[in-house]
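So you can see what is in the structure, the chains are spelled out below.
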Amino acid sequence: MSAQNNYFIPEPSKWPIIAMLSMFALLMGGAFAFNDVVIGNYLLVLGSILLVYMFYGWFSDVIKESLGGKYGKQEDISFRQGMMWFIASEFFFFLCFFGSLYYLRDISGAWLAGEGYLAITKDVLYPEVSSVAVAWPNNGPANVGGDFQAMGATGIPLINTILLLTSGVTLTFAHHALKAEHTKHLVLWMWATIALGLTFVGFQAYEYIHAYNDLNLTLGAGVYGSTFYILTGFHGFHVVMGSIMLVVIALRCAKNHFKPEKHFAFEAVAWYWHFVDVVWLGLFIFVYWM
Amino acid sequence: MTTTTMDIAHDNDHHDDHGPQKGWRRWVYSNNHKDIGSMYLIFSLVMLILGGASAMAIRAELMYPGLQLLEPDLYNNIVTNHALVMVFGAVMPAAAGLANWMIPLMIGAPDMALPRMNNLSFWLLPAAAIMLVLSFIVPFFPGGGSQINTGWTLYPPLSLQVGMAMDFLIFTVHLLGVSSVLASINIIVTIFNMRAPSMTLWNMPIFVWTWLVTAFLLILILPVLAGGVTMLLFDRHLGTSFFDAAGGGDPVLFQHLFWFFGHPEVYVLLLPSIGVLSHIIPAFSYKPLFGRKSMIGAMILLASIGMVVWAHHQYTIGMSSAAVSYFMIGTILISIPVGLMKFNFIATMWRASMTFEAPMLFAISIVAMFVFGGLTGVMLAIVPADLQYQDTMFVVAHFHYVLMPGAVMALFAGVLYWLPKWTGNMYNEKLANWFFWTSLIGFNGTFFVQHFLGLAGMPRRIVDYPVQFTEFNFISSVAALIYGLSHILFLYLVIQTIRGKGTTKAKSRSWKGAKGLEWEVASPAPFHTWDSAPTVDAEGEIKQK
């Protein structure tokens, strides 16, 4: 027998079951709402309220436990590894969409054009049309959604790239300030990061409006519109989530919750933010630029 | 050695040294890996009965040619539901239940690393099950749209044309995905961070190893499936064209995304069972597992190759010949690590003075039947042959020969093997033998003849068939009834063992040849175990002072 194991096992908690109920209500609501069944909307509202309540309550408990000194070195490692593998799963979620983008650009286009010995594929899938536009960007042989213009890389996307990369730098400054126990600088850099993130979201919203109004680039604009919006949309959603996390961390920074040697929550959110950054770089290169 | 290590030293610094809560809170708010493991196992048993009932319906319909019981759409709906319930409802939760119960016990950890998240992982499953059942019954309500007739693969364009039931199914997949990813994160963190300090990765029990590899697979593949069905949802309701050739999309893209998930999923179902066998066979051979390190290497190799061979499920879609060749060779390569594992099992039994308790009977028959299923897999992997076999009953026979022994029966064996540890009672050996023989005969009778049906050209997922297939289908259906009914024995056996009437008490080391830390704690295992980490030697056993 070796030393006592003091790993912190929390009290039984109501938050997981509330988390389940909120997800259940949201997804049931979604399934009904997509099919115009009225109860769906109520379920969506209920689920959203439960979700906010759950996050607030669960994280309040965790913060209380953290400040109460319940978490030692081993717990810290658990959280770190947990966050790491969570980000890994997110990475593969995005990889699914990037992979689809590659497939739709470089493989399905050729197939639909009836190139090479696979000509029969087109005859089976889309026999009505004789000549097919394969050049990217395209909205398919049926010109689905009507003529559109693709989104350029210079302009807002470039500005957004600079904004997000800068936010990564300011977040690192904040981390250094945290390690130097310089609360004032820490809080300042945190809010600077949040401001950059929110500016990004604002620009992105503007870009969407511009695309819909001026470029006729809609979600229904064939395969280009589909991939454009699903990739930028899920990324934008992650930026919003990351921003909310950063706000919570900034408020906790102002309350001096973190110590130079112990600030997992800060680091977890920073990892997440950098991950969102990296995904954006992928987007900028493969969606906007190439 | 057995009693001293059981003493749970009390420590006033932490507050987990009390017993379970009373009433429903114990289960709904649970943070305890044993309670959550039990809930997983009970849930999977319920789903097994549901999936089994749908299997019985399928075989009842196919007993004679012509339409007897089921309309074609309902038949396809049941086929879809059977697959999803069995894969996501029965096998995966059962394996996760074993993981929850056994991993902390086996590595000397007080609980899972993230206990609250563990609770969430389980409780998402009943929610998902409700949505899955809804996807089955919604079409029977007014305005509920058409039934799901796609099979579990959900291929577009058919899945784009199904009514609202498909949306319930898509969200079911999302819930299941979240549940499995959270559980996998928890398992990985537990294994890396919660092991007794003296237990190295090489010394770790093989069951824990298999779950480590499985959890990695799940984290890599489930998000891809979630993304794929999300695109399906967008195509259905938001006007996108991912899988629509008119808009420049391609239905085949979904097949790639699905099988990028679907093929490694096979190993997700198999690997924990390989882990179970790696404990049962040495225990009843009274020898250590042969080639322990090669076993670990083989499972890593299996998972790695398994990630990059998915398109052998899609030979007939018109891929380039280079791609087809690559997927064929890759697939056949998989037989190397699998063969290695099987030979390790055989070598463990070689010249051993074995005893033949029910878990061991299952284990031996699994090795034999799984090899058979693997060989038909090699047949299917060969492209020109596959062009003939694909979408026939041969495929059905093949994957049932892989998954039924490889996953389901191995899980039964695992349950029998560890039931004494969970309940404190030995199960009724005679009854377990009856269960083994009836299920063995029933299973082989059901699926062996389906090979011939498939080779003769009977297509799968079709409600009717030409009269020349009548005899074999009749045999298959009668055997399926035997197989289905045999599970009542299992149900009775488990309930009897839990209640402890007419059974003998289990020792803490319930099987003479059983090795590992889980046999060092009392039977039934106390609510909290390993409050202090044990010190283990190179064999993974408690170090003698």
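Computed from a predicted model, the values in this text were never measured in an experiment.

Colleague: Just give me the short version of the overall build of chain A, but keep the residues and values in it.
Modeller: Counting its secondary structure elements, chain A contains eight helices and zero strands. Each helix and strand of chain A, ordered N terminal to C terminal, gives the series α-α-α-α-α-α-α-α. Projected onto its principal axes, the C-alpha positions of chain A cover 75 × 45 × 40 Å. In chain A, the share of contacts with a sequence separation of at least 24, taken over all contacts with a separation of at least 6, comes to 70%.

Colleague: Describe the environment of Gly82(A), with residues and values.
Modeller: Along the chain, Gly82(A) falls in helix α3 (residues 73–112). As for Gly82(A) and Asp214(A), which are separated by 132 residues in sequence, their C-alpha atoms are 44 Å apart. Not counting chain neighbours up to four residues away, the residues in contact with Gly82(A) comprise Leu114(B), Ile185(B) and Val189(B).

Colleague: Could you give me a rundown of the domain arrangement of chain A, with the residues and numbers involved?
Modeller: By the assigned domains, chain A splits into domain 1 (11–70) and domain 2 (72–289). Relative placement of domain 1 of chain A and domain 2 of chain A: their C-alpha centres are 25 Å apart.

Colleague: I'd love a proper account of the confidence of the model for chain B, names of residues and values included.
Modeller: Residues and elements named next belong to chain B. Here chain B averages 92 in pLDDT, and 96% of its residues register 70 or above. Long-range and interchain partners of residues 1–16, a stretch whose pLDDT sits below 50, account for 25 contacts in this model, where long-range means more than four residues apart. Both scores are available for the predicted complex, with the pTM at 0.94 and the ipTM at 0.94.

Colleague: Pulling in residues and values, what's your account of the interface of chain B and chain A?
Modeller: Taken together, the contacts link 69 residues of chain B with 64 residues of chain A. Among the elements of the structure, α1 (25–28), α4 (115–137), α6 (165–193), α7 (206–237) and α8 (251–285) of chain B are those that each provide at least two residues to the side of chain B that touches chain A. By residue number, the principal contributor to the side of chain B that touches chain A is α6(B), which donates 11 residues. In terms of residue class, the side of chain B that touches chain A is made up of 38 nonpolar, 22 polar and nine charged.

Colleague: Describe helix α6 (residues 183–214) of chain A, naming the residues involved and giving the relevant values.
Modeller: Residue and element names in this part refer to chain A. The end-to-end C-alpha separation of α6 is 46 Å, in line with the 46 Å expected for 32 residues at 1.5 Å each. Buried residues of α6: Leu186, Trp189, Met190, Thr193, Ile194, Leu196, Gly197, Phe200, Glu207 and Ala211, and no others. Among the residues trailing α6, Asn216 stands out with phi positive, at a value near 55°.

Colleague: Which residues make up unusual backbone geometry, and what are the values?
Modeller: All names here are of chain A. Cis peptide bonds are those with omega within 30 degrees of zero, and the linkage from Trp136 to Pro137 qualifies with -5°. Within the element layout of this structure, Pro137 appears in the loop between α4 (119–125) and α5 (156–179). Positive phi outside glycine occurs at Asp36, with the angle close to 60°. Tracing the backbone through its elements, the reader meets Asp36 in the loop between α1 (15–34) and α2 (39–67). At Asn256, a residue that is not glycine, the phi angle is positive and equals roughly 60°. Mapped onto the fold, Asn256 is located in the loop between α7 (222–254) and α8 (264–289).

Colleague: I'd like a description of the packing of α4(B) against α6(B), backed by residues and values.
Modeller: Two quantities define a packed helix pair, namely the angle between the helix axes and the distance between the axes. Residues and elements named next belong to chain B. Remark: α4 packs on α6, axes separated minimally by 8 Å, with the N-to-C direction vectors making an angle of 165°. Considering the angle they form, α4 stands roughly antiparallel to α6. The hand of the α4/α6 crossing is left-handed. Contact residues: α4 offers Met117, Asn118, Leu120, Ser121, Leu124, Leu125, Ala127, Ala128, Met131, Leu132, Leu134 and Ser135, while α6 offers Ala165, Phe168, Leu169, Phe171, Thr172, Leu175, Leu176, Val178, Ser179, Leu182, Ala183 and Asn186. Per-class residue counts for the contact of α4 with α6 are 18 nonpolar, six polar and no charged.

Colleague: Give a description of the environment of Gly222(A) that names residues and reports values.
Modeller: Residue position: Gly222(A) is located in helix α7. Each C-alpha atom of the pair Gly222(A) and Phe148(A) lies 9.7 Å from the other, and the pair is 74 residues apart in sequence. Excluding residues within four positions of it along the chain, Gly222(A) makes contact with Asn138(A), Asn139(A), Gly140(A), Val144(A), Gly145(A), Ser241(B), Gly247(B) and Gly248(B).

Colleague: Describe the packing of α1(A) against α6(B), naming the residues involved and giving the relevant values.
Modeller: In the contact formed by α1(A) and α6(B), the axes pass within 9 Å of each other and the chain directions differ by 155°. Considered as vectors, α1(A) and α6(B) are oriented roughly antiparallel to each other. In this structure, α1(A) crosses over α6(B), and the sense of that crossing is right-handed. Residues Met23(A), Leu27(A), Gly30(A), Ala31(A) and Phe34(A) of α1(A) form the contact with α6(B), whose participating residues are Asp167(B), Phe168(B), Phe171(B), His174(B) and Leu175(B). Grouping the amino acids of the contact of α1(A) with α6(B) by side-chain chemistry returns seven nonpolar, two polar and one charged.

Scoring rules and cut-offs
Residues numbered from 1 in each chain as written. Chains lettered and ligands numbered in written order. Predicted model: local features only at pLDDT ≥ 70, side-chain atom pairs only at ≥ 80, totals over all residues. Helix = DSSP H or I, 4+ residues; strand = E, 2+ residues; numbered from the N terminus. Contact = placed C-beta atoms within 7 Å. Domains from an automatic or database assignment. pLDDT = per-residue confidence, 0-100. Nonpolar A, V, L, I, M, F, W, Y, C, P; charged D, E, K, R; others polar. Expected span 1.5 Å × (residues − 1). Buried ≥ 20, exposed ≤ 12 C-beta atoms within 10 Å, placed from the backbone. Axes fitted to C-alpha atoms, helices over the stretch in contact; angles between N-to-C directions. Parallel < 35°, antiparallel > 145°, perpendicular 65-115°, else oblique. Left-handed = near helix turned anticlockwise from the far one by under 90°.

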